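One-letter residues, chain by chain:
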Amino acid sequence: MSDQTPTDPSTSATPSEDDGAYPQTLAVQPGLQIPPGFDSFSPPTWRGSTVVFRNLAELRAYGDAGTTYWRYGLHATPTSETLCQHLAKLEGARDTLLLPSGLAAISLVYFALLRSGDDVLVPDNVYGPNREHGEWLARDFGVTVRYYDPMIGAGIAALIRPNTRLIWMESPGSVTMEVPDSEAIVAAARERGVLTAIDNTWSAGLYFRPFDKGIDISVQALTKYQSGGSDVLMGAVLSRDEALHARLKRTRMLMGWGVSADDCFLVLRALPSLPVRLAAHDRAAREVAEWLSQRPEVVKVLHPALQDCPGHAFWRRDFSGASGLFAIVLHDRYTRAQVDAFVEALERFAIGWSWGGAHSLALPYHVPSMRPAGSWPPEGWQHAGELVRLYIGLEDTRDLIADLRRALETKLGA
Ligand SMILES: *Cc1c(COP(=O)(O)O)cnc(C)c1O
């Protein structure tokens, strides 16, 4: 061990000859001159908490029309703004708000639009954590949350009450994949002045155009296709109406919800390939779904582009493509344990929740326990047993189909 006293750099060194500052000051304020003109396709990653104002007048003018745009790194950086504008262009929105996850985007919609005493209608096949969120609002915040049959269509009008403020939609719904008649639901909502929000994650905002349909808000889990790498968590709330955006934006600010510029960069990096990736998932998923529809172990293939899927006609009317996520319903002669064994026997399909990346996934679901409103199985379905959700990644479909065939034959053996 040394017995020397550590030297304090701020007092030991002499000022630099260039600008008369001590080394410790230069470490903070180096006064660099980076040559301008480096023009790249890749947007810069602007990290920053502090936003520097040129003077106090500029700082104090923040928020006045036509004045300072940037205020604080939590709310926006040029990198997040670039992503916002890019997403709005893709989905046909005016404004985008970024959130730390898809679930936070759902949460923002609830907290911005609902007050104690209000009522909200949610489809019975809604994304699971959205349902839990609604239940929390009902239990602790005095909001009534009611679940409707996703195939209700124009029948939603009869459920709207004077205090109904919001109708959620998801198209197709999570796990069971019903495609709602969103036109009929929007028409009923508009007639009564009720706002509509859709979780449009499945189409990544490309194959279903919510704003052209008169839907007020679109929610995206950017975690899925927009990131595409299974390595980023982020969500977005998109809208077209300026006043509505202002309400959403204010709630986001008060909640202190921001996103990392590095994560924005990762999503921005993946956006140019989004349409091409989605088309590849679409082609592959339809091929696998059609193969599965010929299998004796499978009683229904719930893929929006196939006849079996409830709401297939609405998918044809409203969508310009399908994505990589769908489900199969196995014959009720198989027990849950057998279906679990089938999923675990798959070698090309990983077991995991978050889809949208390059890797294929499989998960079994016991649907009746997820549907308190009782809208499952649909009337007239024979031998509807356990459900398996499949996500088709970017592998060669010949390998995926061979894997499914082997696992079906060894574990279910029709
Ligand atoms: C994954 C998902 C979400 C939530 O996204 P996270 O970023 O994982 O919170 C929301 N809605 C749907 C339909 C999803 O699939």
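The text that follows walks through the structure, step by step, so that each part is easy to find. (Residues numbered from 1 in each chain as written. Predicted model: local features only at pLDDT ≥ 70, side-chain atom pairs only at ≥ 80, totals over all residues. Heavy atoms only, no water.)

## Description of the overall build of the protein chain
From N to C terminus, the protein chain includes 13 helices and 11 strands. By its C-alpha atoms, the protein chain is 85 × 60 × 45 Å across when sized along the principal axes. Counting every position in the protein chain, which comprises 414 residues, the buried fraction comes to 50%. Of the contacts formed within the protein chain by residues at least 6 apart in sequence, a portion of 73% connects residues at least 24 apart. In the structure as shown, the protein chain presents an accessible area of about 20400 Å², 53% of it carried by carbon and sulfur atoms. Taking the average location of the 39 positive side-chain charges in the protein chain and that of its 48 negative ones, the two points are 5 Å from each other. (Helix = DSSP H or I, 4+ residues; strand = E, 2+ residues; numbered from the N terminus. Buried < 20%, exposed > 50% of the residue type's maximum accessible area, 1.4 Å probe, protein only. Contact = heavy atoms within 4.5 Å. Areas by Shrake-Rupley, 256 points an atom, 1.4 Å probe, with all protein chains shown as cover. Lys, Arg positive; Asp, Glu negative; His and termini not counted. Charge placed at Lys NZ, Arg CZ, Asp CG, Glu CD.)

## Some points on empty space enclosed by the protein
Considering all chains together, one arrives at 1 cavity of 30 Å³ or more under this definition. Ranked by the residues each element gives to the lining of the largest cavity, the list is headed by helix α4 (residues 78-91), at 3 residues. Here the lining of the largest cavity is built from residues that sort into 4 nonpolar, 2 polar and 1 charged. (1 Å grid on protein atoms, 1.4 Å probe; cavity = no way out; pocket = protein on both sides within 12 Å on 5 of 7 lines; lining within 4 Å. Points joined across faces, edges and corners; volume = space filled by probe spheres on them. Nonpolar A, V, L, I, M, F, W, Y, C, P; charged D, E, K, R; others polar.)

## Overview of the pairing of strand β2 (residues 119-123)
Most of β2 is tucked away: 5 of the 5 residues are buried. Residues Asp 119, Leu 121 and Pro 123 line one face of β2 and the alternating positions Val 120 and Val 122 line the opposite face, and both faces are buried. Where β2 meets strand β3 (residues 144-148), 5 bridges bridge the pair, whose relative direction is parallel. Following the sheet pairing, Leu 121 is matched in β3 by Arg 146. Viewed along the sheet, the connection from β2 through helix α6 (residues 128-140) into β3 turns out right-handed. Looking at chain direction, β2 and strand β4 (residues 164-170) are connected through 3 bridges and run parallel. Note that in β4 the partner of Val 120 across the bridge is Leu 166. (Pairing = 2+ DSSP bridges. Right-handed = clockwise from strand over helix to strand, strands pointing away.)

## Structural notes on the site of the ligand
In the region of the ligand, 14 residues are neighbours, and Gly 102, Leu 103, Asp 199, Thr 223 and Lys 224 sit closest. Here an oxygen atom of the ligand and a backbone polar atom of Gly 102 are 2.7 Å apart. In the environment of the ligand, an oxygen atom lies 2.9 Å from a nitrogen or oxygen atom belonging to the backbone of Leu 103. Relative to its unbound accessible surface of 380 Å², the ligand loses 90% to contact with the protein. (Near = heavy atom within 4 Å. Polar contact = N/O pair within 3.5 Å; in protein donor to acceptor, adjacent residues only side chain to side chain.)

## Re the side chain of Asn 130
Structurally, Asn 130 can be placed in helix α6. Setting aside chain neighbours within four positions, we find Asn 130 in contact with Leu 103, Ile 106, Tyr 110, Val 122 and Trp 168.

## Topic: the sheet that holds strand β7 (residues 235-239)
What the 7 strands build is an open sheet, ordered β1-β7-β6-β5-β4-β2-β3; its pairing is mixed. Bordering the open sheet on either side are β1 (95-99) and β3, each of which pairs with just one other strand. Along the sheet, successive strands turn relative to each other by an average axial angle of 20°, direction set aside. The sheet contacts of helix α5 (residues 102-113) involve β1, β2, β4, β5 (195-199), β6 (217-221) and β7, and relative to β6 the element is tilted by about 155°. (Axes fitted to C-alpha atoms, helices over the stretch in contact; angles between N-to-C directions.)

## Here's the deal with the packing of α5 against α6
For the pair α5 and α6, the least separation of the axes is 10 Å and the interaxial angle reads 35°. Of the two elements, α5 crosses α6, and the hand of that crossing is right-handed. Contact with α5, carried on its side by Leu 103, Ile 106, Ser 107, Tyr 110 and Phe 111, involves Pro 129, Asn 130, His 133, Gly 134, Trp 136 and Leu 137 of α6 and no other residues of that element. Residues that form the contact of α5 with α6 fall into these classes: 7 nonpolar, 4 polar and no charged. (Left-handed = near helix turned anticlockwise from the far one by under 90°.)

## Let's talk about the pairing of strand β11 (residues 384-391)
Along β11, 7 of the 8 residues are buried, which leaves the element largely enclosed by surrounding structure. By the bridge criterion, 6 bridges tie strand β9 (residues 325-331) to β11 in an arrangement that is antiparallel. Along β11, the bridge assignment pairs Ala 327 with Arg 389. Pairing of strand β10 (residues 361-365) with β11, which is carried by 5 bridges, proceeds in the antiparallel orientation. Directly across from Ala 362, in β11, lies its bridge partner Leu 390.

These figures come from the coordinates and say nothing about function on their own.
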